[in-house]
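Per-entry structural report
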Amino acid sequence: GREVIVPSSFFFSRKAQWGYLIAAIVVAVLLMLWFQNIRRKKERKTNQAKVNREDIMAKEDYDFMQRVHNWMEANYKNPTLGVEELIGYLSMGLADFESQLKRLTGKTPKEFIRDYRLNKAKQMLEQTNESVADISFELGFANVAHFNHQFQEAMGMTPSQYRDAQKNTNTT
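Here is a short report on the structure shown in this document. (Residues numbered from 1 in each chain as written. Predicted model: local features only at pLDDT ≥ 70, side-chain atom pairs only at ≥ 80, totals over all residues. Heavy atoms only, no water.)

**Things to note about the pattern of salt bridges**
Heads up, the condition is: For this analysis, a salt bridge means a side-chain nitrogen from Lys or Arg found within 4 Å of a carboxyl oxygen belonging to Asp or Glu. Secondary structure elements follow DSSP: runs of H or I no shorter than four residues count as helices, runs of E no shorter than two count as strands, and numbering proceeds from the N terminus. Buried means the residue's accessible area, taken with a 1.4 Å probe over protein chains only, is under 20% of the maximum for its type, while exposed means over 50%, and partly exposed covers the values in between.
What the rule picks out here adds up to six salt bridges. The salt bridge involving K59 is made with D63; its shortest N-O contact spans 3.1 Å. In this pair, K59 and D63 both sit in helix α1 (residues 14–75), four residues apart, roughly one turn of the helix. Judged by relative accessible area, K59 falls into the exposed class, the value being 51%. By relative accessible area, which is 30% here, D63 ends up partly exposed.

As structure tokens, this is what we get:
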């Protein structure tokens, strides 16, 4: 074959300078694409970690509320029901329990227990003909006057008024 001899002056000519410029641009673009690819991979890993953490927290929160609900369902009729029994069942400290419940429901433990019982009262008032006194005792309220006061404070009407309003709503 023939040998190509490139004079040393070629490396400093205008044609060579354009070649160097194009080669430098190609290298810069390739490096930029390589760094973007690395950054995307890191972002994907970070986003996956965030999603997994959120899934775990959502599952832990769901499990927590499920355990609270199960315990409430089994114990809401107990007239001496208190936060102490619930945190004992959950094996939690009071401060941790209060902050987690407040974060998830916006309620203090006492408000949560009261509202749970009052929601049961609403169901019973709608679905049974039991007297208000029987319902209040069945739900663990100490006396009917206290039950009436709590119900009216939460619902804006007495239990009897609520039952009448539900009957009127269902018949029209």
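**Observations concerning the nonpolar core**
We count it as follows: Definition of nonpolar core: a set of buried residues of the types Ala, Val, Leu, Ile, Met, Phe, Trp, Tyr and Cys, connected through side-chain atoms within 4.5 Å. Only heavy atoms enter the contact rule, under which two residues are in contact if any of them lie within 4.5 Å.
Of all hydrophobic cores here, the largest spans 26 residues; its most connected members are V68, M72, F97, I135, L139, F147 and F151. Elements with a contribution of two residues or more to this core: α1, α2 (83–90), α3 (94–105), α4 (109–127), α5 (132–138) and α6 (144–155). A per-element tally of this core places α4 first, with seven residues. Among all residues touching F147, those that are not within four sequence positions of it are L118, A121, V132, I135, S136, L139, F141 and P159.

**A short note on the environment of Q123**
Turning to its location among the elements, Q123 is positioned in helix α4. For the pair formed by Q123 and R163, sequence separation is 40 residues and the distance between their alpha carbons is 9.7 Å.

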